[in-house]
Each structure stands twice: as C-alpha cells, then as structure tokens.
Amino acid sequence: MKRIVVLGAAESGCGAAILAKKEGFDVFVSDMSNIKDKYKKMLDDHDIEWEEGKHTEEKILCADEVIKSPGIPDQAPMMQKIIGKGIHVISEIEFAGRYTNAKMICITGSNGKTTTTSLIYHIVKNAGLDAGLAGNIGNSLALQVAETPHQWYVIELSSFQLDNMYDFKADIAVLLNITPDHLDRYGFEMQNYTNAKMRITQNQTAKDAFIYWNGDPIIAEELRKRTDIGGELCPFSEQDFTLDQDECQLKGRHNIYNMLAAMIACRKAGIAEDVIVENVKNFPGVEHRLQKIGTVNDIDFINDSKATNVDACYFALESIKGKCVLIVGGVDKGNDYEPLKPLITEKCSGLVYLGTNNAKLHETFDNMGIPVMETRSMKDCVDACMQLAKPGQAVLLSPCCASFDLFRNMEDRGEQFIEQFNRIKEGK
C-alpha cells in the first residue's frame, strides 16, 4: 500500500487526506501548528492518523508522495528533508485532479481572482450547471471529489498552488494579470513568480481556452517567449466591455476586467448570453474587496482587506470619489510603493500605518506633506482615522501588505475593521 503524507491540516490538507484514504492509500497528516477541532473531527471520523505541533521524521520521510499545504515554503526544514530524499511533492489540486473527469474553470492573477472566481461560480450555478467552488475559496477540491462530486469546478488558484501542479489541466484557464506579489517567496525574482502564474496554461490542448488581459505587459512578453501554450488564445481588453457599468453592482475600472474575464469563461462553458449578462449585473461582490461597510459622521468606511499588494491598492484608490484616509501596512512582500504616490497625492487626506514594522512606509510617504499616524492595533487605527477624516470623505482599508504580523489572516483583519467601525458607530 502506497503511503501519502499530508503536510498541513486545514481545508486543503484535510480534504486531500480524506480523498487519499478513500482511494486506498496509507495516510498520515502532520501539522506544525495546532489543528482546528473541526478538522481533527473530520480526520478522526475517517480513521486517519494525525499529529499537531510537530513533524515526526520517521513517519514523514517514508512517504511515497507528499501533499503539501500551499502555505508551506520549500525552504521549511521538513520540506528540505523531503526534497533531499527525492520524495515527490504535489498540491491538493494536483492530487484531486487525478480522481475526477470534471471540467475545470481555473482562475489566477495577482489581483481580482477572488472576485472573478466568485462571479463565474455565481453565473454557472444560476445557469443550472452542477458546479463546485474550490481552491483559495470554497471547500477543498479533494473533499468535494471524494464526497460530493460535481461535473464542473470553478477554482481560484494562487501561485503557491500552481507551483506543485504538474499533470493537472484547466479546460478554461483565466489569467487576469501579473504584477509584483509574494516576491519574498520567490527569491525576490519577478520571473520566478511569473513562471508560477503561467503554469495555469500547462497541459492545455486546442480544445481548451486560455483567457487573459491583453493589456498586461508581462503576459504579453511571456506569450512572445513561449511556444508551449496549447489552449485557444482568448484575449480581452477594456474596449470589449459593452454593458452599462451603472447597471452592475461591481464598480471601478478593475472590475471591468474581472467581469469581462468571467463573461468569456462562461461563454466557453456554453452558457447563454442572456443568463451571463443578467448574473453579471446582479452579482453583489465579495467580502473584504471594496466592501462598503457603512457610514458614520458622513464618513464612508470601505473594507478592502484583500488588497495585499500595490496594484490592488492602486485600483482601490482609483475607485474612490473625493478624498480618503488610507490605511496601509502589514508584512511587506518586497513591495515598491512608488507607483502609489500620484494617487495618494490626489486622493488621500491622511495615511494611517497599521503594522509592527512601518519603517518602509515612513521612508516612502512621510515626506509627501500628508498627515501620517502610526498604529499597531485595529482599534488605534480606526481611532486615528476618525481624527484625520472629515465629513464627506472615506476611510479606506487597502493595506498593500500581508496581514500576519497583527492578524490571523486577511479575513481577520477585515473583520476587526468592521468590528471597530461598529464600535465607533455605536459611540463607544
């Protein structure tokens, strides 16, 4: 019996373990952190051995194959030992793809992938397709393949997930854009990150579709260099958008690209145009992405916690009408903040830094003549925003950075922002 070891026991790892058990493998799950109770129960219910708070080498290094959580870098000590022993390492998505013949609509990009993925899923479900939502959002693909299989899957893929995918194929691949992000994970080499994103095209044939923004210079350069793109090329540009955006709930220029990509993907899936248009117009958007959470003292509060890189923040600022106080900061991922300066000059009446180390932000923005405040908790941050913002303006949380210095994750950061807004609104 072949042995599968799963590193990481959250959504993807737990799902992979359950599928591996169903397919008859000897399965062991190991997580250096504490495992959430719900995942412990799932593993116990399927009689899967697990450990938390450690990696036991003798139980891991005997694996025939390792399924790795996308959050674990190859530089982690246990990963170095696994790689050193020549054990094949794959992602949960790669593993799940072996056990389904479902059609795969896969979406990646530095920005906009959650909105686009959610919109595509919204359309295909309302069109009556039997579809599951997976990847960075939704339930584990492997768990769905094991227990609730579908004919279609709509999958948001990060570069980390793409890194460990080899034979998996997207029937419909969407690449929204490639801009600097996660460079700390890629040796601060943009080409390494670009190569990861371009893996969404691997194994495609002429029967498949590759949908991409043709205004992205990095994608254009990659297409000039590469001869291995097998799918039908389906470029889109802003001029292709013929809907009245005032009739759509998604606003802003960046969402035009997201809507276009989703519309083309759904056409390739065979969905009728009137169904596509109706559901593009009524799609409400996603949490933590330019989410207007309310108004207090005539100041709008906007939660864009998903903006973890410079381009996402740029698009958010571009969408703001009038002036705002911008909240930035967190774990810097090798960001170049210079492109934000013109928009900050135009749009920002104040900057509030939120993070444990804001030195790079001070160095970049403090000399712009805009009021700046430093904070290290969401409560202090929102209080500072209330000092700086004037009636008729907005407070925009669009941090440019990862959240792991002060928060559990991006969602936690957004939820704490909402909690503090509610505190202010209630006068506490």
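Structure report, in brief.

Thresholds applied
Residues numbered from 1 in each chain as written. Predicted model: local features only at pLDDT ≥ 70, side-chain atom pairs only at ≥ 80, totals over all residues. Heavy atoms only, no water. Patch = residues over 30% accessible without salt bridge, like charges linked within 9 Å, V, L, I, M, F, W, Y side chains within 5 Å. Areas by Shrake-Rupley, 256 points an atom, 1.4 Å probe, with all protein chains shown as cover. Salt bridge = Lys/Arg side-chain N within 4 Å of Asp/Glu carboxyl O. Lys, Arg positive; Asp, Glu negative; His and termini not counted. Charge placed at Lys NZ, Arg CZ, Asp CG, Glu CD. Helix = DSSP H or I, 4+ residues; strand = E, 2+ residues; numbered from the N terminus. Pairing = 2+ DSSP bridges. Axes fitted to C-alpha atoms, helices over the stretch in contact; angles between N-to-C directions. Core = buried A, V, L, I, M, F, W, Y, C linked by side-chain atoms within 4.5 Å. Buried < 20%, exposed > 50% of the residue type's maximum accessible area, 1.4 Å probe, protein only. Contact = heavy atoms within 4.5 Å. Polar contact = N/O pair within 3.5 Å; in protein donor to acceptor, adjacent residues only side chain to side chain. Parallel < 35°, antiparallel > 145°, perpendicular 65-115°, else oblique. Left-handed = near helix turned anticlockwise from the far one by under 90°. Disulfide = S-S within 2.5 Å. Nonpolar A, V, L, I, M, F, W, Y, C, P; charged D, E, K, R; others polar.

Here we look at a negative patch on the surface
Next, step 1: A cluster of acidic residues, E287, E411, E415 and E419, forms a negative patch at the surface.
Next, step 2: Its location among the elements puts E415 in helix α17 (residues 410-425).

Section: the sheet that holds strand β16 (residues 372-375)
Next, step 1: Strands sit in the order β12-β13-β17-β14-β15-β16 across an open sheet of six strands; the sheet is mixed. This sheet does not close on itself; its edge strands, each paired only once, are β12 (291-296) and β16. Pairs of neighbouring strands in the sheet enclose a mean axial angle of 20 degrees, with direction left out of account.
Next, step 2: Here strand β13 (residues 299-303) pairs with strand β17 (residues 394-397) via four bridges, running parallel. Across the sheet, residue F301 finds its bridge partner in β17, namely V395.

A short note on the nonpolar core
Next, step 1: If you look at the biggest cluster of nonpolar residues, it comprises 50 residues, and the most contacted ones within it are V29, F95, C106, L141, I155 and L175.
Next, step 2: A total of six residues in this core trace back to one element, the largest contributor, which is helix α1 (residues 11-22).
Next, step 3: Non-local contacts of V29, meaning those with residues more than four positions away in its chain, are made with V6, G8, A9, A17, L43, I48, E49, W50 and E51.

Topic: helix α13 (residues 310-319)
Next, step 1: By the burial criterion, the buried members of α13 are V310, A312, C313, F315, A316 and L317.
Next, step 2: Buried residues belonging to α13 abut α11 (253-268), β14 (324-328), α14 (341-347), β15 (348-354) and β17.
Next, step 3: By the N-cap criterion, in which a side-chain oxygen at the helix start approaches the backbone nitrogen of a residue two or three places on, α13 is capped by N309, the distance to D311 being 3.3 Å.

Overview of the sheet that holds strand β3 (residues 49-52)
Next, step 1: One open sheet holds the five strands; their spatial order is β3-β2-β1-β4-β5, and the pairing between them is parallel. In this open sheet, the two strands that pair with only one neighbour each are β3 and β5 (88-90). Across the sheet, the axes of successive neighbouring strands diverge by a mean angle of 20 degrees, strand direction being ignored.
Next, step 2: Those strands touched by α1 are β1 (3-7), β2 (26-31) and β4 (65-68), and its axis lies near 165 degrees from that of β2.

A word on the side chain of T201
Next, step 1: Relative to the helices and strands, T201 is located in the loop between α9 (190-198) and β10 (209-213).
Next, step 2: Assessed through its relative accessible area of 4%, T201 is described here as buried.
Next, step 3: A polar contact of 2.8 Å, which involves the side chain of T201, links it to the backbone oxygen of M198.
Next, step 4: Among all residues touching T201, those that are not within four sequence positions of it are F210 and I229.

Points about the environment of K379
Next, step 1: Tracing the backbone through its elements, the reader meets K379 in helix α16 (residues 378-388).
Next, step 2: Put simply, K379 and T308 are 71 residues apart on the chain and 20 Å apart in space, counted from C-alpha to C-alpha.
Next, step 3: Aside from chain neighbours lying at most four places away, what touches K379 is Q420 and R423.

Quick word on the packing of α11 against helix α12 (residues 273-282)
Next, step 1: Two elements in contact, α11 and α12, have axes whose closest approach is 10 Å; the angle formed by their N-to-C orientations is 150 degrees. Here α11 lies roughly antiparallel to α12, going by the angle between them. The hand of the α11/α12 crossing is right-handed. Of the residues in α12, those in contact with M259, M263, C266 and R267 of α11 are E273, I276, V277 and V280.

With respect to the state of the cysteines
Next, step 1: On inspection of all chains with the given rule, the structure shows zero disulfides.
Next, step 2: No disulfide involves C401; its sulfur sits 5.8 Å from that of C400, the nearest cysteine.

Some points on the pattern of salt bridges
Next, step 1: Applying the stated criterion to the full structure yields 25 salt bridges.
Next, step 2: E273 serves as the salt-bridge partner of R267, at 2.8 Å between the closest nitrogen and oxygen.
Next, step 3: Overall, the relative accessible area of 40% leaves R267 in the partly exposed class.
Next, step 4: Taking the relative accessible area as the measure of exposure, E273 reaches 36% and is therefore partly exposed.
Next, step 5: A salt bridge links K341 to E338; the shortest N-O distance between them is 3.3 Å.
Next, step 6: Bridged by salt links that share partners, the residues K103, K169, D171 and D208 form one connected network.

As for the packing of α1 against helix α2 (residues 37-45)
Next, step 1: Running from N to C, α1 and α2 cross one another at 5 degrees; their axes reach a closest spacing of 10 Å. Classified by the angle between their axes, α1 and α2 sit roughly parallel to one another. Touching E11, C14, A17 and I18 of α1 are Y39, M42 and L43, all from α2.
Next, step 2: Tallied by class, residues from the contact of α1 with α2 come to six nonpolar, no polar and one charged.

Describing unusual backbone geometry
With the exception of glycine, most residues fall at negative phi, and the peptide bonds are largely trans.
Next, step 1: The backbone phi angle of L290 is positive, close to 45 degrees, even though this residue is not glycine.
Next, step 2: As for its position among the elements, L290 is in the loop between α12 and β12.
Next, step 3: Classification of L290 as partly exposed rests on a relative accessible area of 22%.
Next, step 4: Within the chain, D298 stands out as a residue other than glycine whose phi angle is a positive 65 degrees.

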